[in-house]
Amino acid sequence: MGAGAKHRLVFVDRLLVTLVHLRHGTTHDVLACWFGVDLSTVTRAVGEVRPLLAERGCTVTPGIRLRTLAEVVDHLGASGGTGIIDGSEIRVRPSCPASVDDGSVRPAPSDA
């Protein structure tokens, strides 16, 4: 038998944990709760899988927040990189109440 801790997550689950973390910014402690494992298991999984994704060209540059398509195009042009754009629609709540024609203000719709 080999030394070291056994993986509590099979590879597919380690990949899923990593992708959810990268795509949604879900914290390791929340992922640990969802998958029923220790925080260190999630941290180790992300640490093992992220380099495998990077070897195949799938990287996320930390600290860069591109908010418009124009910003994405400018960034890719400046870096000489290629990108994969996720066109998923994400529903967001309006940041301010919508105004009505008579000048009054109505509250933003709620998710009931």
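So, here's what we can say about the structure. Predicted, not measured: the structure shown is a model, and the values here were computed from it.

Definitions and limits used
Sequence order sets the numbering: in each chain, residues are counted from 1 along the sequence as written. Reporting in this predicted model follows two pLDDT cut-offs: at least 70 for local features of residues, and 80 or more for side-chain atom pairs to be given and counted; totals over whole chains, interfaces and linings ignore these cut-offs and use all residues. Just so you know, side-chain values use all the structure's heavy atoms and leave hydrogens and water out. To qualify as a helix, a DSSP run of H or I must reach at least 4 residues; to qualify as a strand, a run of E must reach at least 2; elements of each kind are numbered from the N terminus. For the exposure calls, accessible area comes from a 1.4 Å probe over protein chains only, and a residue counts as buried if that area is under 20% of its type's maximum, exposed if over 50%, partly exposed in between. The contact criterion used is simple: two residues touch if any of their non-hydrogen atoms lie within 4.5 Å. Accessible surface area values rest on a Shrake-Rupley calculation with a 1.4 Å probe, where residue burial reflects the displayed protein chains alone. Between N-to-C directions, angles span 0 to 180 degrees; the directions come from axes that are lines fitted to C-alpha atoms, helices contributing only their stretch in contact. These descriptions rest on fixed angle ranges, namely under 35 degrees for roughly parallel, over 145 for roughly antiparallel, 65 to 115 for roughly perpendicular, and the rest for oblique. Residue polarity is assigned by list, with Asp, Glu, Lys and Arg as charged and Ala, Val, Leu, Ile, Met, Phe, Trp, Tyr, Cys and Pro as nonpolar; anything else, Gly included, falls into the polar class. We call a set of buried residues a nonpolar core when its members are Ala, Val, Leu, Ile, Met, Phe, Trp, Tyr or Cys and they connect through side-chain atoms within 4.5 Å of each other. One speaks of a salt bridge when a side-chain nitrogen belonging to Lys or Arg is within 4 Å of a carboxyl oxygen belonging to Asp or Glu.

## Overview of the overall build of the chain
Counting secondary structure elements, the chain contains four helices and zero strands. When the helices and strands of the chain are read in sequence order from the N terminus, they spell out α-α-α-α. The proportion of buried residues among the 112 residues of the chain is 14%. Taking contacts inside the chain between residues at least 6 apart in sequence as the whole, the part at least 24 apart equals 43%. Summed over its atoms, the accessible surface of the chain is roughly 9,000 Å², and 58% of this surface lies on carbon and sulfur atoms.

## Remarks on the environment of Arg50
Relative to the elements of secondary structure, Arg50 occurs in helix α3 (residues 39-55). A sequence separation of 28 residues divides Arg50 from Leu22, and the C-alpha atoms of the two residues are 9.0 Å apart. Leaving out residues up to four positions away in the same chain, Arg50 has contacts with Thr18, Leu22 and Val60.

## Overview of the packing of helix α2 (residues 28-35) against α3
Taken N-terminus to C-terminus, the directions of α2 and α3 make an angle of 110°; their axes are 8 Å apart at the nearest point. Compared by their axis directions, α2 and α3 come out roughly perpendicular. On the side of α2, the interface is formed by His28, Asp29, Leu31 and Ala32, while α3 contributes Leu39, Val42, Thr43 and Val46. Looking at the contact of α2 with α3, its residues break down into five nonpolar, two polar and one charged.

## What to know about the side chain of His21
Tracing the chain through its elements places His21 in helix α1 (residues 11-24). On the basis of relative accessibility, which here comes to 18%, the residue His21 falls in the buried class. With residues up to four places along the chain from it excluded, the contact list for His21 reads Thr26, His28, Leu31 and Val46.

## Considering the nonpolar core
Counting residues in each nonpolar core, the largest one holds nine residues, listed as Leu9, Val17, Val20, Leu31, Ala32, Val37, Val42, Ala45 and Val46. At the level of elements, α1, α2 and α3 are the ones that each hand at least two residues to this core. A per-element tally of this core places α3 first, with three residues. If near-sequence neighbours (up to four positions away) are discounted, Val42 is found in contact with Val17, His28, Leu31, Ala32 and Val37.

## What to know about the pattern of salt bridges
Once their charged atoms are close, side chains differing in charge can pair, the charge on each being opposite to the other. Applying the stated criterion across every chain, the model contains two salt bridges. Two residues, Arg14 and Glu48, come together in a salt bridge whose shortest N-O distance is 2.9 Å. Taken together, the residues Arg14 in helix α1 and Glu48 in helix α3 connect sequence positions 34 residues apart. The class for Arg14 is buried, based on a relative accessible area of 13%. One salt bridge connects Glu55 with Arg56, and the closest N-O pair in it is separated by 3.5 Å. Accessibility expressed as a relative area gives 62% for Glu55, which makes it exposed.

Shape descriptors only; they carry no functional weight alone.
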